[in-house]
Amino acid sequence: MLCNDVQTLTAITKDPNLNTALFKAMDKVCQLIYNQHKELKQAFYRVSMLYVVFRNSSFFKQFLKNCLPSLPSLPSEGENELN
């Protein structure tokens with residue numbers, strides 16, 4: 001998703017009749033997507049560190065059991081993540 005938006009932003013900058021309003025809007029979209037990705041990556045890292053520390057804790061196991069059904073599922077091996 002971010003790659004497509006960056007390509008669009010690049011195409012906008014190459015246009016001889018640069019539309020600054022469109023450029024600013026597309027730049028904002030790219031920033032929002034990047035920041036969301038960064039936050040999700042940090043959250044995943046924190047959860048994975050908690051798992052390493054507390055994986056044998058019954059409280060943490062119950063926490064994961066309660067939370068994981070609400071999280072989006074990861075694609076299985078060989079499955080396209082865009083499906």
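We now turn to the structure provided with this report. (Residues numbered from 1 in each chain as written. Predicted model: local features only at pLDDT ≥ 70, side-chain atom pairs only at ≥ 80, totals over all residues. Heavy atoms only, no water.)

A word on helix α2 (residues 20–54)
End to end, α2 covers 50 Å across 35 residues, agreeing with the expected 51 Å (1.5 Å per residue, within 8%). Taken as a whole, α2 has its buried residues at M26, C30 and I33. Of the residues that open α2, the one with a side-chain oxygen 3.2 Å from the backbone nitrogen of A21 is N19. (Helix = DSSP H or I, 4+ residues; strand = E, 2+ residues; numbered from the N terminus. Expected span 1.5 Å × (residues − 1). Buried < 20%, exposed > 50% of the residue type's maximum accessible area, 1.4 Å probe, protein only. Polar contact = N/O pair within 3.5 Å; in protein donor to acceptor, adjacent residues only side chain to side chain.)

Concerning a nonpolar patch on the surface
Taken together, the side chains of Y45, M49, L50, Y51, V52, V53 and F54 make up a nonpolar region of the molecular surface, amounting to roughly 680 Å² of accessible area. Here Y51 shows up in helix α2. Residue classification places Y51 among the partly exposed residues on the basis of a relative accessible area of 41%. (Patch = residues over 30% accessible without salt bridge, like charges linked within 9 Å, V, L, I, M, F, W, Y side chains within 5 Å. Areas by Shrake-Rupley, 256 points an atom, 1.4 Å probe, with all protein chains shown as cover. Salt bridge = Lys/Arg side-chain N within 4 Å of Asp/Glu carboxyl O.)

No statement about biological role is implied by the geometric values presented.
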